Amino acid sequence: MYSVIHDAIAAWYDEHGRRDLPWRTHHDPYRIWVSEIMLQQTQVKTVSERFYSPFLDAFPTLADLAAAPLDDVLKRWEGLGYYTRARNLHRTAQLCISALPQDAIALEALPGIGRSTAHAIAAFAHHAALPVLDANIKRVLSRFFAREERCDQTLWRDAYALLDAQRPYMYNQAMMDIGAMLCQSKSVTCKECPLQSGCQGQSEALRFGCAKARVAVPIRHRALLILRQGARLGLIQRHERFLHGLWGFVQRPMPYKGGALGSFIHRYTHFHLHATVYEATEAPCDEALMWFTREEIGGLALSTADHKALSLLDALSSQPTPQAPPSY
Ligand code: SF4
């Protein structure tokens, strides 16, 4: 039914597709899985330029990842955020050890692998005839079929309907690229799009598949405490679900009594942290407090907010001490 469009997609991908992305130059399921998990919440450029290769250099195989301590995995994930992804990668590696399953249903049963990710691994590593349904493809399909409502059940049905089952690898990669390059959330380039001959939504493209309006993000005010024991700083390892396993400075509610060293804002998806950094005036009774030199802290996995606090501290300690005025 869509053979003309499939051929147009193949020709477009051949000429314009991002075929040199590092996870598109092989069919290794482990490496494809790592890329898919990194790309879930992070831009292609960030993953390809900063995180993908260093992570795989550290953990070249599934067995290497399974054998690594979780702290090492979190350290390599530092800066990518959404650390649940790293913990699930580690758990899945430990469950599978030698190889990921080939079958999409078995993949989907593993921690951190949803239906679209399972299909991506199966299609890209094993050429399974399955559609991927990431955010870009959802937008393209919503416009192609002129869907007013964002309904996953309908989108999955649409995804199967348009799939090029003969060329699932090329088709899925091309659809991702069309979403990223031509059918973007705020602009469309329909005249260059290989889907245009069948696209029902192109005359009013921006009406369809647009992201939901952003809701106001709450602000949390926190004091970050710098605790010192000689040259060592006191840190805790977080055990709550958010940032679980990462090390960081003790936090206290605001207002906090003491001399503030500085402040910064860090934007998480679901809240904005307004942090003020203090030299601690009291020794907190956090049982889990541990003491590290600045050098040792460099080897720990810290959240980006705690790195900001550390940078602030480094900047203050590198400032020249004011010299006493000459006495006459
Ligand atoms: S023709 Fe336009 S609206 Fe339709 S999928 Fe292509 S870029 Fe999007």
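Residues numbered from 1 in each chain as written. Predicted model: local features only at pLDDT ≥ 70, side-chain atom pairs only at ≥ 80, totals over all residues. Heavy atoms only, no water.

(A) Structural view of helix α5 (residues 70-77). Listing the buried residues of α5 in full gives Val-73, Leu-74 and Trp-77. Angularly, the buried residues of α5 cover 100 degrees about the axis, an arc narrow enough to put them on a single face. For α5, the secondary structure elements touched by its buried residues are α2 (29-39), α3 (44-58), α4 (62-67) and α6 (84-96). Count one or two residues on from α5 and you reach Gly-79, which has phi positive near 100 degrees. (Buried < 20%, exposed > 50% of the residue type's maximum accessible area, 1.4 Å probe, protein only. Helix = DSSP H or I, 4+ residues; strand = E, 2+ residues; numbered from the N terminus. Arc of directions from axis to C-beta. Contact = heavy atoms within 4.5 Å.)

(B) Structural view of the domain arrangement of the protein. Domain boundaries assigned for the protein yield domain 1 (3-207) and domain 2 (219-318). When each unit is reduced to the centre of its C-alpha atoms, the spacing between domain 1 and domain 2 is 35 Å. In this assembly, eight residues from domain 1 lie in contact with 16 residues from domain 2. Taken together, domain 1 and domain 2 are joined by zero salt bridges. Here domain 1 is connected to domain 2 by eight residue pairs in polar contact (both at pLDDT 80 or more). The element that contributes the greatest number of residues to the side of domain 1 that touches domain 2 is α5, accounting for three residues. A breakdown of the residues in the side of domain 1 that touches domain 2 according to their chemical character gives three nonpolar, one polar and four charged. (Domains from an automatic or database assignment. Salt bridge = Lys/Arg side-chain N within 4 Å of Asp/Glu carboxyl O. Polar contact = N/O pair within 3.5 Å; in protein donor to acceptor, adjacent residues only side chain to side chain. Nonpolar A, V, L, I, M, F, W, Y, C, P; charged D, E, K, R; others polar.)

(C) Seen up close, the pattern of salt bridges. In the structure shown here, the tally under the stated rule is 16 salt bridges. Here Asp-152 makes a salt bridge to Lys-138, at a shortest N to O gap of 3.3 Å. Pair noted here: Asp-152 is in helix α10 (residues 152-162) and Lys-138 is in helix α9 (residues 135-144), with a separation of 14 residues, a long-range link. By relative accessible area, Asp-152 is classed as partly exposed at 43%.

(D) Representation of the nonpolar core within the structure. Counting residues in each nonpolar core, the largest one holds 94 residues, and the members touching the most others are Trp-33, Phe-55, Met-175, Ile-178 and Leu-195. Counting residues domain by domain, this core receives three or more from each of domain 1 (3-207) and domain 2 (219-318). Excluding residues within four positions of it along the chain, Met-175 makes contact with Ile-9, Ile-137, Val-140, Leu-141, Leu-162 and Leu-195. Judged by nonpolar contacts, the second largest core, of eight residues, contains Ala-223, Leu-227, Tyr-256 and Tyr-278. (Core = buried A, V, L, I, M, F, W, Y, C linked by side-chain atoms within 4.5 Å.)

(E) Region of interest: the environment of Gly-201. For Gly-201, the location among the structural elements is in the loop between α11 (168-181) and β1 (219-226). Relative accessible area serves as the criterion here: at 1%, Gly-201 is assigned to the buried category. Taking the C-alpha atoms as reference points, Gly-201 and Arg-143, 58 residues apart in sequence, are found 4.7 Å from one another. Not counting residues up to four positions away in its chain, the partners in contact with Gly-201 are Arg-143, Phe-144, Ala-146 and Phe-208.

(F) Just the packing of α2 against α6, in detail. At a minimum axis separation of 10 Å, α2 and α6 run at an interaxial angle of 155 degrees. When the axis of α2 is compared with that of α6, the two are roughly antiparallel. Considering only the axes of α2 and α6, their crossing is right-handed. The segment α2 lies against α6, with Trp-33, Ile-37 and Met-38 engaging Arg-85, Leu-89, Thr-92 and Ala-93. Residue composition of the contact of α2 with α6, by class: five nonpolar, one polar and one charged. (Axes fitted to C-alpha atoms, helices over the stretch in contact; angles between N-to-C directions. Parallel < 35°, antiparallel > 145°, perpendicular 65-115°, else oblique. Left-handed = near helix turned anticlockwise from the far one by under 90°.)

(G) Structural view of the side chain of Thr-42. Checked against the element boundaries, Thr-42 lands in the loop between α2 and α3. In terms of polar contacts, Thr-42 uses its side chain to reach the backbone carbonyl oxygen of Met-38, at 3.2 Å. Within the local environment of Thr-42, its side chain forms a polar contact with the side chain of Arg-85, the two groups lying 3.3 Å apart.

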